[in-house]
Amino acid sequence: AYAKRKTEELGVTNIEYMQADILKLKKLDKQFHIIESAGVLHHMDNPMAGWKVLVDCLRDGGLMKIGLYSEIARQKHAAIRAEIYKLGIKHTEKEMKSFRKDVISSNIKHHMEIKLRQDFYSLSNFRDLLFNVQEHRFTISQLKQSLEELGLKFCGFENDSIVQKFKVSNTGSNDPYDLDKWQGYEEANPRTFASMYQFWCQKIG
């Protein structure tokens, strides 16, 4: 709604907005040059099913930007989500605020670290941080396998700051496109993808 209002304010007329179920996008009977899906697939019951539909909607040679949670970077999130589930805390405003208050006063290490996240202090972001009904997390080896299954070529991670740090110890010209090297790098630097993996890939024609 915000995007639509802003395009109207700016007089932009060549954007079409739709709301739909990813799994039903084939009904559009369209293919696109670029598709972006960040922070969506990992909340689906079957992320690969949704991803495959998006690939089917991408032209041969088209580019796709994907955002997925990292298993390594979200270990502390997973630990807290397990606590929430065990305690039976509901996703109501009252119970989320009560749990957040308990975490603020806690000295448990992973509680103290989660408090450093900016998202922790906004209720809507706090819900997204820890209270999503469902989340899947991926390793880089799983990303590599998924890309191969879907007929996609890895084109690189988007965050330039992360890439520049990676290049300090990975100096080969093709190293930024080598997921095996990225897996080793993340294992040595587990906070690298604290937000999520955000990367580009291309459909192999």
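Use the structure listed above.
Residues numbered from 1 in each chain as written. Predicted model: local features only at pLDDT ≥ 70, side-chain atom pairs only at ≥ 80, totals over all residues. Heavy atoms only, no water.

Novice: Tell me about a nonpolar patch on the surface, and name the residues and values.
Specialist: Together, Leu10, Val12, Ile15 and Tyr17 give the surface a local cluster of nonpolar side chains, amounting to about 390 Å² of exposed area. In this structure, Leu10 sits in helix α1 (residues 2-10). (Patch = residues over 30% accessible without salt bridge, like charges linked within 9 Å, V, L, I, M, F, W, Y side chains within 5 Å. Areas by Shrake-Rupley, 256 points an atom, 1.4 Å probe, with all protein chains shown as cover. Salt bridge = Lys/Arg side-chain N within 4 Å of Asp/Glu carboxyl O. Helix = DSSP H or I, 4+ residues; strand = E, 2+ residues; numbered from the N terminus.)

Novice: Tell me about the layout of surface pockets, residues and numbers included.
Specialist: Taken as a whole, the largest pocket encloses approximately 610 Å³ of empty space. Lining of the largest pocket is provided by 21 residues; of these, Met18, Leu25, Ile35, Glu36 and Leu54 occupy positions nearest its centre. Contributions of two or more residues to the lining of the largest pocket are made by α1 and β1 (32-38). A per-class count over the lining of the largest pocket returns 16 nonpolar, two polar and three charged. (1 Å grid on protein atoms, 1.4 Å probe; cavity = no way out; pocket = protein on both sides within 12 Å on 5 of 7 lines; lining within 4 Å. Points joined across faces, edges and corners; volume = space filled by probe spheres on them. Nonpolar A, V, L, I, M, F, W, Y, C, P; charged D, E, K, R; others polar.)

Novice: Kindly report on the sheet that holds strand β4 (residues 197-203), identifying the contributing residues and their values.
Specialist: Taking strand neighbours across the sheet as the criterion, the four strands line up as β1-β2-β4-β3 in an open arrangement whose pairing is mixed. Of all the strands in the sheet, just β1 and β3 (152-157) have a single pairing partner and so form its edges. Looking at each pair of strands side by side, their axes are set apart by 20 degrees on average, direction ignored. Where strand β2 (residues 58-68) meets β4, six bridges bridge the pair, whose relative direction is antiparallel. Across the sheet, the residue bridging to Gly67 is Gln198, located in β4. Seen against the sheet, helix α7 (residues 140-150) touches β2, β3 and β4 and runs at an angle of roughly 20 degrees to β4. (Pairing = 2+ DSSP bridges. Axes fitted to C-alpha atoms, helices over the stretch in contact; angles between N-to-C directions. Contact = heavy atoms within 4.5 Å.)

Novice: Hey, could you go over the pattern of salt bridges for me, with residue numbers and the actual values?
Specialist: If you walk through the whole model with that rule in mind, you get 15 salt bridges. Between Lys6 and Glu9 there is a salt bridge, with its nearest N and O atoms 3.0 Å apart. Taken together, the residues span about one helical turn, with Lys6 and Glu9 both in helix α1 at a distance of three residues. We classify Glu9 as partly exposed; its relative accessible area is 48%. In this structure, Arg117 and Asp119 form a salt bridge, with 3.6 Å as the shortest nitrogen-oxygen distance. Assessed through its relative accessible area of 17%, Arg117 is described here as buried. Look at Asp119 and you get partly exposed, because its relative accessible area is 26%. (Buried < 20%, exposed > 50% of the residue type's maximum accessible area, 1.4 Å probe, protein only.)

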